[in-house]
Every structure is written in C-alpha cells, then in structure tokens.
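# Reading the structure
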Amino acid sequence: MPNDDLPGTFHVTTDEQLRAVSNLTRHRIMAVLRFEPATITQIAERVGLAKGSSSYHVRLLERAGLVKVVRTRKVRGVTERYYAMAARAIVLPDPGEGGPDVLMRHAVADLEAAPPAGERHVRMAHLRLTDEQFAELGARLQALADEYRELSDPSLPDASLVFALFHPARREQAEGDAK
C-alpha cells in the first residue's frame, strides 16, 4: 500500500507527541515507515532492534498518533499488523529560544551512524544575505526537497536530506545570554 492517500502533514502539538518523536530509535522507526508500511518484525530487522523493543516503540508512536495500522492479515493464526506513518510529513513546533532542534540532533546522529565508506555530501556555508535573499533561498531549498521527495522510489536505498537556514546569534548576543 503506497502512502499516497495519507494526509499531507501531521502537526506535533502535545508533549506526548513531542516525547515520542524526540527519541532517536522512534525517529529511525518513522524513517522505515516513511515510504511503505511494515510489520513489527520488518521494523525490528531494518532498525536492528529486538521485536519486543520495536513493538514498545511502535506502540508509543501509535498512541501519540504518529503511526497507524493500515493493514492486517492472518499468518498461522496470528494477526500481523502493518504500520505506516500517519501523514507524509511531521511538523514539529518551534524549539524556542536556546532549544536544540530535535531534527538536527537526529540528523547528526544518523550521519555519524552512516557507513563511513558511503557517499556523503556535507557542507556548511556562511552567507551574508538580504532578507529577500534569505527568504528566497529558504523557499528554493524547500522546493528542491519537495521535488526530490516526489521522485522517491521505495525500492531504492534511503537517502537523507537535512538543511538548516538560520541567522546565527551574534557574538555579543551569545556573550550577553551567557551572563
């Protein structure tokens, strides 16, 4: 079952949902379910967990409304449940001043866990932009991510794209905050 009939976005609004999505293991489970439904056994194999641990984390995600059962089937008298994301995109609340962004922490953890011999494209650029250029670049990055999300084929290996466009704190701001 493709995820074409899923709602476009799911907005994380409760503390329970934020705790569920903030866990790195559950983040990785949601990545497994990004393109196609999977059973607890399939999730456990793909994430490298015991079935019991996978089941625990999936139940928390389901209780928070982030994943749902989309299909069941009987296998040797046991009901096998297929889980999928509740929406194509999960929107997190603004982390607030000084709060670390959970997506960036997970992205760094995933990058660190990726095979070192694998192909990577990692770059940081410091720019000086007008407000209009800043907004245009943000829109272009989002459009590019959306374009490639539409091209994604579940039969191909996963690739992650993470970007952050922001105005860093000025040195005097950071020093003032530290006092």
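Here's a quick rundown of the structure. Going along each chain's sequence as written, the residues are numbered from 1 onward. The predicted nature of this model means local features are confined to residues of pLDDT at least 70 and side-chain atom pairs, given and counted, to a pLDDT of 80 or more, with totals for whole chains, interfaces and linings taken over all residues. For side-chain calculations, the full set of non-hydrogen atoms in the structure is used, while hydrogens and water are omitted.

### Regarding the side chain of R26
Short version of the rule: In this text, helices come from DSSP runs of H or I with a minimum length of four residues, and strands from runs of E with a minimum of two, each type numbered from the N-terminal end. Three exposure classes are used, based on accessible area relative to the maximum for each residue type with a 1.4 Å probe and protein chains only: buried under 20%, partly exposed in between, and exposed over 50%. The charged-residue count follows a simple rule in which Lys and Arg add positive charge and Asp and Glu add negative charge, with His and chain termini not counted at all. Each salt bridge in this description consists of a side-chain nitrogen of Lys or Arg and a carboxyl oxygen of Asp or Glu lying within 4 Å of one another. What makes two residues a contact is simply this: any of their non-hydrogen atoms within 4.5 Å.
Topologically, R26 is positioned in helix α2 (residues 24-32). Despite being buried, R26 has no salt bridge partner; E16 is the closest side chain of opposite charge, sitting 9.6 Å away. Sequence-distant contacts of R26, defined by excluding residues within four places in its chain, comprise R19, A20, Y56, H57, L60 and L61.

### Regarding α2
Convention followed: In protein, a polar contact means a hydrogen-donor-capable atom and an acceptor-capable atom, both N or O and within 3.5 Å, with residues adjacent in sequence counting only if both atoms are side-chain atoms; elsewhere, any N or O pair within 3.5 Å suffices.
Buried within α2 we find R26, H27, I29, M30, A31 and V32. Considering only its buried residues, α2 is in contact with α1 (15-22), α3 (40-47), α4 (51-63), β3 (78-85) and α5 (102-113). Sitting at the amino-terminal end of α2 is N23, which places a side-chain oxygen 2.9 Å from the backbone nitrogen of T25.

### Description of the packing of α1 against α2
Applicable threshold: Axis geometry follows a simple rule: fit a line to the C-alpha atoms, using only the stretch in contact for helices, then measure angles between N-to-C directions, giving values from 0 to 180 degrees. We call two directions roughly parallel when the angle between them is under 35 degrees, roughly antiparallel when it is over 145, roughly perpendicular when it lies between 65 and 115, and oblique otherwise. In this count, Pro and Cys sit with the nonpolar residues alongside Ala, Val, Leu, Ile, Met, Phe, Trp and Tyr, while Asp, Glu, Lys and Arg are called charged and the others, Gly among them, polar.
For the pair α1 and α2, interaxial distance at closest approach is 5 Å and the crossing angle is 80 degrees. Taken together, the axes of α1 and α2 lie roughly perpendicular to each other. Seen from α1, the contacting residues are R19, A20, V21 and S22; seen from α2, they are L24, R26, H27 and M30. A class-by-class count of the residues in the contact of α1 with α2 yields 4 nonpolar, 2 polar and 2 charged.

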